[in-house]
There are 2 protein chains.
Amino acid sequence: MSDKPRERKLSRYRDIATRLQKEIRLGKYPVGDLLPTETELMAHYSTSRQTVREALRILMDQGLIVRRVGLGSVIIATEPPVLFTHSVKSLSEWLRYSNETYRDVVRSGEIVADRDLAALLKCEPGKQWFLIESIRRVDQFAAPLGWTEIYVLRKFAGVVKRSDHGRAPVHEQIAKMFGQTTEYAQMEIFVRKMPAAFAKALQVEAGSPALTVVRRYYGLKEELFEVTVTTHPEGRYTYSMDMQRSLRPRV
Amino acid sequence: MSDKPRERKLSRYRDIATRLQKEIRLGKYPVGDLLPTETELMAHYSTSRQTVREALRILMDQGLIVRRVGLGSVIIATEPPVLFTHSVKSLSEWLRYSNETYRDVVRSGEIVADRDLAALLKCEPGKQWFLIESIRRVDQFAAPLGWTEIYVLRKFAGVVKRSDHGRAPVHEQIAKMFGQTTEYAQMEIFVRKMPAAFAKALQVEAGSPALTVVRRYYGLKEELFEVTVTTHPEGRYTYSMDMQRSLRPRV
DNA sequence: CGTTCTTATTTGTCCGTATAAATGGATTAA
DNA sequence: TTAATCCATTTATACGGACAAATAAGAACG
């Protein structure tokens, strides 16, 4: 019969949430103030506590209030904060290599961080690392994409023996083998002259423009457990990132 | 007296949520299957529906299930999808310049995108832009940080007349003057040889390593309305970004 | 004046119940 | 066979009540 006009009848708690949002936006409750208590809202809207709490949960999800036992609902913002978010499902997505690339291990072994290396890795000098050096390629004929130095804690040196070693990101391999999870990560991108040590392998001249990307992986208790340094010749790598405007980043 | 041993007694619904998470992770309920109904869980855990629903809300928030009326709780993942998020409150934070820097406008005027420029900006050739060229500095004595080309739609050319022109990001000025909001943004970073056109102004040699950052700002309907291209000599700029592991991105 | 204790307030957790709305499958009708 | 209808199931919404835990403010104490 009818074309389902979508009456869009709001549920009671959504309605209350909307009204409260409006009041907050219009300044009735400034930041730092308290919203009326659940009991007061129950009386004001002639509704049950359940309904009021559902409404307040919405405001909480939007980041407008925080609720604390014994205190009340504190206004922390008058507008849902607009964020630009860049989120990835894994850090390997973050590293925008396609799955077509792989690493050819050149050599590996232990190394002690001297002054310069410590500065690059942001670790204390004298720290002992296990270093894996490899060349990142699309295929064995094309010019390599870049030179990769992977520094991992010595206790994780076993990752080089994994069958998927050259394919999967090392921090994921460490997670699988040792249960070490990445809680925090940091990236730096800068330009420098191509170091002579990599120039020949990358088929460019030493001193030519090079893009260097440093990624630091931290576990629990902010323990730095892996650092990768990749160096790309001109024209072989572009870092790109998209950001979306969003009120609430979602999975 | 006691050192507050933090008994950490889990609330009933959190306990149930944890148990269900474990069962899901161990494969008792594969992706696509249904979790037991609320009624079944009430019976199984000898608890109320309220408590069961609170537990299921947690799983929902973690992205493990979706719940649908008349159907049930569908498993959509066996592990909480781990996200790494990088969120900023504004795009000017994204551009990691300190507030101490400013732009010195060198010249501005209209320009039509030729083939090369269109490729760089990712717009159609022949598109008309208003170009503002400037030098980014910390102070007038130190070597400049970089060269900035700002391409805006011709209708936004008026931004150069703003009093805060050299200080605030242009896309923010456009937002204030014209109400154009940024819904989506994109960034690319690559290395190239320093173009001769900027070399002298930046006090480096043409052909020396240069870091180029292209930022594209899109409004509603995916309309590209501003592109900035900044070119930095070696050692004067490092792009850095932090990412947090988070189940649910928060403000 | 400062400290400890008490108390009222407020949200967190949990229980019971009822009705509405959406879904999928079975049933019926064309 | 196909389309429409009915129905049991399931979650969404909403009501009622109770006690626990955290907080702030006042009271009592030194």
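Look up a bit, the structure's there.
Residues numbered from 1 in each chain as written. Chains lettered and ligands numbered in written order. Predicted model: local features only at pLDDT ≥ 70, side-chain atom pairs only at ≥ 80, totals over all residues. Heavy atoms only, no water.

**Q** Can you help me understand the overall build of chain A in this one?
**A** When its secondary structure is counted, chain A shows seven helices and ten strands. Each of the 251 residues in chain A was classed as buried or not, and the buried ones make up 49%. Sequence separation of at least 24 residues holds for 60% of the intrachain contacts in chain A that already meet a minimum separation of 6. When the accessible surface of chain A is split by element, carbon and sulfur atoms take 51% of a total near 13,200 Å². (Helix = DSSP H or I, 4+ residues; strand = E, 2+ residues; numbered from the N terminus. Buried < 20%, exposed > 50% of the residue type's maximum accessible area, 1.4 Å probe, protein only. Contact = heavy atoms within 4.5 Å. Areas by Shrake-Rupley, 256 points an atom, 1.4 Å probe, with all protein chains shown as cover.)

**Q** Whenever I open this one, the pairing of strand 2 (residues 72–75) of chain B confuses me. Can you help?
**A** Side-chain direction in a regular strand flips from residue to residue, so the side chains alternate between the two faces of the sheet. Residue and element names in this part refer to chain B. Sheet analysis places strand 1 (residues 65–68) next to strand 2, joined by four bridges and oriented antiparallel. Each residue of the ladder has a partner; that of Ile65, found in strand 2, is Ile75. Between strand 1 and strand 2, which pair antiparallel in sequence order, lie three residues; one of them, Gly70, sits at a positive phi of approximately 85°. (Pairing = 2+ DSSP bridges.)

**Q** What's the story with the protein's contact with DNA strand C in this structure? I'm lost.
**A** What surrounds DNA strand C is a group of 24 residues, the closest being Arg49 of chain A together with Arg12, Tyr13, Thr47 and Thr51 of chain B. Per the 4 Å cut-off to the protein, sugar and phosphate atoms form 70% of the nearby atoms of DNA strand C. Interatomic distance of 2.3 Å between a side-chain N/O atom of Thr47 of chain B and a phosphate oxygen of DNA strand C. At 2.9 Å, a backbone N or O of Ser48 of chain B approaches a phosphate oxygen of DNA strand C. When contributions to the surface near DNA strand C are tallied by element, the ones reaching two or more residues are helix 3 (49–61), strand 1 (65–68) and strand 2 (72–75) of chain A together with helix 1 (12–25) and helix 3 (49–61) of chain B. For the surface near DNA strand C, the class distribution of residues is five nonpolar, ten polar and nine charged. (Near = heavy atom within 4 Å. Polar contact = N/O pair within 3.5 Å; in protein donor to acceptor, adjacent residues only side chain to side chain. Nonpolar A, V, L, I, M, F, W, Y, C, P; charged D, E, K, R; others polar.)

**Q** Sorry if this is basic, but what is going on with the packing of aromatic side chains here?
**A** Remark: the centre distance and the inter-plane angle together describe each pair of aromatic rings, the angle taken between the planes. Following the criterion strictly, the structure yields eight aromatic pairs over all chains and no others. Taking 5.0 Å as the distance between ring centres and 15° as the angle between the ring planes, the aromatic pair formed by Trp147 of chain A and Phe198 of chain A counts as stacked. Highlighted residues: Trp147 of chain A in strand 6 (residues 146–153) and Phe198 of chain A in helix 7 (residues 196–202), separated in sequence by 51 residues. When its relative accessible area of 7% is taken as the criterion, Phe198 of chain A is described as buried. An angle of 45° between the planes, with centres 4.8 Å apart, marks the rings of Phe156 of chain B and Phe178 of chain B as tilted. Residue Phe156 of chain B is located in the loop between strand 6 (146–153) and helix 6 (170–178), and its partner Phe178 of chain B is located in helix 6; the two are separated by 22 residues in the primary sequence. (Phe/Tyr/Trp six-rings, centres within 6.5 Å; stacked < 30°, edge-to-face > 60°.)

**Q** Where do I start with unusual backbone geometry in this structure?
**A** As a rule of thumb, non-glycine residues mostly have phi less than zero, and peptide bonds are mostly trans rather than cis. In this structure, Gln203 of chain A is a non-glycine residue whose phi angle is positive, near 65°. Following the sequence through the fold, Gln203 of chain A ends up in the loop between helix 7 and strand 8 (209–218). Given the relative accessible area of 53%, Gln203 of chain A is considered exposed. A positive phi is found at Lys122 of chain B, a non-glycine position, where the angle reads about 60°. Secondary-structure assignment places Lys122 of chain B in the loop between helix 5 (115–121) and strand 5 (128–137). Residue Lys122 of chain B is classed as partly exposed on the basis of its relative accessible area, which comes to 44%.

**Q** Help me understand the packing of helix 1 (residues 12–25) of chain A against helix 3 of chain A, please; the structure alone is not making it clear to me.
**A** Describing two packed helices takes the angle between their axes plus the distance from one axis to the other. All names here are of chain A. Their axes nearest at 8 Å, the elements helix 1 and helix 3 cross at an angle of 50°. Accordingly, the angle class assigned to the pair helix 1 and helix 3 is oblique. Note on packing geometry: the crossing formed by helix 1 with helix 3 is right-handed. On helix 3, the residues that touch Arg12, Tyr13, Arg14, Ile16, Ala17, Leu20, Gln21 and Ile24 of helix 1 are Thr51, Glu54, Ala55, Leu56, Ile58 and Leu59. The residue makeup of the contact of helix 1 with helix 3, split by class, is nine nonpolar, two polar and three charged. (Axes fitted to C-alpha atoms, helices over the stretch in contact; angles between N-to-C directions. Parallel < 35°, antiparallel > 145°, perpendicular 65-115°, else oblique. Left-handed = near helix turned anticlockwise from the far one by under 90°.)

**Q** Sorry if this is basic, but what is going on with the protein's contact with DNA strand D here?
**A** Taken together, 22 residues lie near DNA strand D, and Arg12, Tyr13, Thr47 and Thr51 of chain A together with Arg49 of chain B sit nearest. Broken down by class, the residue content of the surface near DNA strand D amounts to four nonpolar, ten polar and eight charged.

**Q** I keep staring at the pattern of salt bridges and nothing clicks. Help me out?
**A** A side chain of one charge can pair with a side chain of the opposite charge when the charged atoms of the two come close. Under the definition given, this model contains 31 salt bridges over all chains. One salt bridge in this structure joins Arg57 of chain B and Glu54 of chain B, with 4.0 Å as the shortest N-O distance. On the criterion of helical spacing, the pair formed by Arg57 of chain B and Glu54 of chain B is a turn pair, its members being three residues apart in helix 3. Each member of the pair Arg57 of chain B and Glu54 of chain B is classed as buried. Lys127 of chain B is the salt-bridge partner of Glu124 of chain B, the closest N and O atoms lying 3.9 Å from each other. Here the salt bridges do not stand alone but share partners, grouping Glu38, Arg49, Arg53 and Arg67 of chain A into one network. (Salt bridge = Lys/Arg side-chain N within 4 Å of Asp/Glu carboxyl O.)

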